[in-house]
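The chain contents come next:
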Amino acid sequence: MAAGRYHMNDVVRMSPPLQPEAIRRLSVGQGILLSGSIITARDAAHRYLVEAGPHEAPPVDLAGAIIYHCGPVIAGTGDQRRVVSAGPTTSMRMEMYEQRLIEKYRIGAIIGKGGMGPATERALVAVGTVYLAAPSGAGALLARRIKRVVSVWKLEEFGSPEALWQLEVEDFPAVVAIDAKGGSLYREVAEKSRQALSRLLAPAEK
Amino acid sequence: MDLIQAIVDLLGKAATDLPTDIEAALVGALEAESEPMPTSILESFIENIRIARRERRAICQDTGVPIFFVTAAHNTSYEGLMDVLREGVRRATLEVPLRPNAVDVLTGANTGEGVGSGIPVVYFSQWQEDYSIFDLLLKGGGSENVGATYQLPRADLAAQRDTDGIRRVVLDAVNNAQGLGCPPYVIGVGVAGTKDDACLLAKRQLLRKLDDKQPQAGLAALEERIHREINSLSIGPAGLSGSTTALSVKIGLHARHPATFFVDVAFGCWAHRRWRMRFGRGKVSYE
């Protein structure tokens, strides 16, 4: 369980649509369990959502929605589809779209791995959105928290990994990694790493 | 036994079952960890490995690009083997299932069947024996994206053309990677006189078992030192801090040209899916 610095009884349970007031109370390190609907979106889906005109709006309201950076492994077809493995993909690839996505649709939360850049961080603060880290590479564990495939959009056009999969989850574990108050675990880690690196590289040896 | 079926089984095993040395190293990292955040992340990794193995689910949804390093029996036809490997990947994509990961660059369309131009990647060699060895890596996109090639010298890193220069650029690559490629990493380093050879040599280091010791004492000491120093960066599991950032560092050296000194750093994610299959003499075995 990626419940973070907290014990299980400190974990916050959340379901979409998420409200900005509730999001703004969260701080980095907080363990979260999500239930309800989440929507996968990777590079192609981000570009589509950001560029979509008023007549190409996605079929569900994304205000307060949870966007998951993930390209799942799906078995079966049609109503028989099930999610075999579904961990987070590297969020940084979506950095060039994420700020516009969050601001355009008033997204509630982003789930991913590896963290995001300054433009996204600004959007989180402006809109009241949170970035959640799910345990990277834990595709099998996380897929068991996905109860069913609700719907899929752009499957033919984008292919399975890049399609927008609407999934119903139960107790999906994540941790607040970048909050809506300007806090970022990744910034703390990167700063510590950079300082350690400059010590290791300091005196040219010999 | 049918070779195509053996290849499907090898791909399925690689996607769903982590090698024991990698799992043991993650358990060791968990035992060595004292902070709650990396402890809970490592626990979720280990639980994930066990769920994947028990339920035959892909460990990670990115089932990667299959990279085959083949040492073929003396009577193997190259063309025939390529057909077998492509058919094996096609079938495994449906049957395991794997995620279809081959995308046409011009059209942007996913081929949908896991194979495409140049996918799977195959490095073919042949020997005089009457059996074949298939070393397979399922290489995910996240760890591949953080790989880096350096040309020494690099003044900004004070990296000269010596072993300390190698150390400096490897540390720089890991610091740049942070948590983007799913640490704790398995690090492969290749040093050579041409860029392509350095890249391939680095990739080949990812095939080595974690306890595989360098015969050259000086090189083994360099690997250990870089490993220790990477861990002191405290990037940690999933890049959210912690005492283990790399599970191992393996270095391969080739001779270089007097004017060139290429260092390539290849990253394997913590879910380092590598298996070896021996096929021939009526037997199939995995290690």
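Note that this is a predicted model, so its numbers are computed, not measured.

Enquirer: How should I be thinking about the overall build of chain B in this particular structure?
Expert: Assigned secondary structure in chain B consists of eight helices and nine strands. Against the globule reference of 19 Å for 287 residues, chain B gives a C-alpha radius of gyration of 19 Å, in line with a compact fold. Seen along its three principal axes, the alpha-carbon backbone of chain B occupies a region of about 50 × 50 × 45 Å. For chain B, buried positions account for 60% of its 287 residues. If you average the places of the 31 positive and of the 35 negative side-chain charges in chain B, the two averages end up 2 Å apart.

Enquirer: Quick question: what am I supposed to make of the sheet that holds strand β7 (residues 262-268) of chain B here?
Expert: Residues and elements named next belong to chain B. The strand order across the open sheet built from four strands is β4-β7-β5-β6, with neighbouring strands paired in mixed fashion. The open sheet has two free edges, formed respectively by β4 (148-151) and β6 (246-253), since each of these has just one partner strand. Averaged over neighbouring strand pairs, the angle between their axes works out to 15 degrees when direction is ignored. Its contacts with the sheet place helix α6 (residues 163-177) against β4, β5 (185-192), β6 and β7, and it is angled at close to 40 degrees to β7.

Enquirer: Hey, could you run me through the pattern of salt bridges in this one?
Expert: Close approach of charged atoms allows side chains of opposite charge to pair. Residue and element names in this part refer to chain B. Evaluation of the coordinates by the stated rule reveals 32 salt bridges over all chains. Salt-bridge contacts for E95 lead to R91; the nearest nitrogen and oxygen are separated by 3.6 Å. Of this pair, E95 and R91 both sit in helix α4 (residues 78-95), four residues apart, roughly one helical turn. The exposure class assigned to R91 is partly exposed, which follows from its relative accessible area of 23%. Because the salt bridges share partners, they merge into one network encompassing K13, D17, E23, R50 and R53.

Enquirer: I'm lost on the interface of chain B and chain A in this one. Help?
Expert: At the interface, 48 residues of chain B touch 53 residues of chain A. Buried area between chain B and chain A, summed over both chains or domains, comes out near 3,900 Å², and the portion from carbon and sulfur atoms is 59%. Area buried by chain B at its contact with chain A is led by R57, Q61 and L180 of chain B, which between them contribute 16% of it. Here chain B and chain A share one salt bridge between them. In this structure, E55 of chain B and R144 of chain A form a salt bridge, with 2.9 Å as the shortest nitrogen-oxygen distance. Put simply, chain B and chain A have 21 residue pairs in polar contact (both at pLDDT 80 or more) between them. Secondary structure elements with two or more residues in the side of chain B that touches chain A: α3 (36-55), α5 (141-145), α6 and α8 (217-231) of chain B. The element that contributes the greatest number of residues to the side of chain B that touches chain A is α3 of chain B, accounting for eleven residues.

Enquirer: Explain the domain arrangement of chain B to me, please; I cannot follow it from the model alone.
Expert: By convention, interface size is frequently given as the accessible area that disappears when the constituent parts associate. Residues and elements named next belong to chain B. Under the domain assignment, chain B is made up of domain 1 (3-14 + 59-140 + 273-286) and domain 2 (142-268). The C-alpha-based centres of domain 1 and domain 2 are spaced at 26 Å. On the side of domain 2, twelve residues touch domain 1, which itself brings nine residues to the contact. Across the domain 1/domain 2 interface, buried area totals approximately 880 Å², and carbon plus sulfur atoms make up 64% of it. Contact with domain 2 buries surface across domain 1, with F69, K139 and R274 losing the most and accounting together for 59% of the total. Viewed at the interface, domain 2 and domain 1 are joined by one salt bridge. In this structure, E144 engages K139 in a salt bridge whose closest nitrogen and oxygen atoms are separated by 2.9 Å. Looking at the side of domain 1 that touches domain 2, the elements that each hand over two or more residues are β1 (65-72) and β3 (131-139). Sorting elements by how many residues they give to the side of domain 1 that touches domain 2 places β3 first, with three residues.

Enquirer: Can you help me understand the side chain of N231 of chain B in this one?
Expert: All names here are of chain B. In this structure, N231 sits in helix α8. Of note is the side chain of N231, whose polar atom sits 2.7 Å from the backbone nitrogen of T245. Within the structure, the side chain of N231 is placed 2.9 Å from the backbone nitrogen of A246, a separation counted as a polar contact. With residues near it in sequence (within four places) discarded, N231 still touches S243, T244, T245 and A246.

Enquirer: Would you explain the side chain of N101 of chain B in this entry?
Expert: Mapped onto the fold, N101 of chain B is located in the loop between α4 and β2 (121-126). Classification of N101 of chain B as buried rests on a relative accessible area of 19%. There is a polar contact of 3.2 Å between the side chain of N101 of chain B and the backbone oxygen of G64 of chain B. Of note is the side chain of N101 of chain B, whose polar atom sits 2.9 Å from the side chain of R99 of chain B. Among all residues touching N101 of chain B, those that are not within four sequence positions of it are P161 of chain A together with D62, T63, G64, G114 and I119 of chain B.

Enquirer: Where do I start with the state of the cysteines in this structure?
Expert: Covalent bonding between the sulfur atoms of two cysteines is what defines a disulfide. Evaluated as defined, the whole model comprises zero disulfides over all chains. As a non-bridged cysteine, C70 of chain A has C60 of chain B as the owner of its nearest cysteine sulfur, 8.8 Å distant. Classification of C70 of chain A by relative accessible area gives buried; the value is 0%. We note that C199 of chain B lacks a disulfide partner, and the nearest cysteine sulfur, in C269 of chain B, lies 18 Å from it.

Scoring rules and cut-offs
Residues numbered from 1 in each chain as written. Chains lettered and ligands numbered in written order. Predicted model: local features only at pLDDT ≥ 70, side-chain atom pairs only at ≥ 80, totals over all residues. Heavy atoms only, no water. Helix = DSSP H or I, 4+ residues; strand = E, 2+ residues; numbered from the N terminus. Rg over C-alpha atoms; globule rule 2.2 N^0.38 Å. Buried < 20%, exposed > 50% of the residue type's maximum accessible area, 1.4 Å probe, protein only. Lys, Arg positive; Asp, Glu negative; His and termini not counted. Charge placed at Lys NZ, Arg CZ, Asp CG, Glu CD. Pairing = 2+ DSSP bridges. Axes fitted to C-alpha atoms, helices over the stretch in contact; angles between N-to-C directions. Contact = heavy atoms within 4.5 Å. Salt bridge = Lys/Arg side-chain N within 4 Å of Asp/Glu carboxyl O. Buried area = accessible area lost by both parts, 1.4 Å probe. Polar contact = N/O pair within 3.5 Å; in protein donor to acceptor, adjacent residues only side chain to side chain. Domains from an automatic or database assignment. Disulfide = S-S within 2.5 Å.

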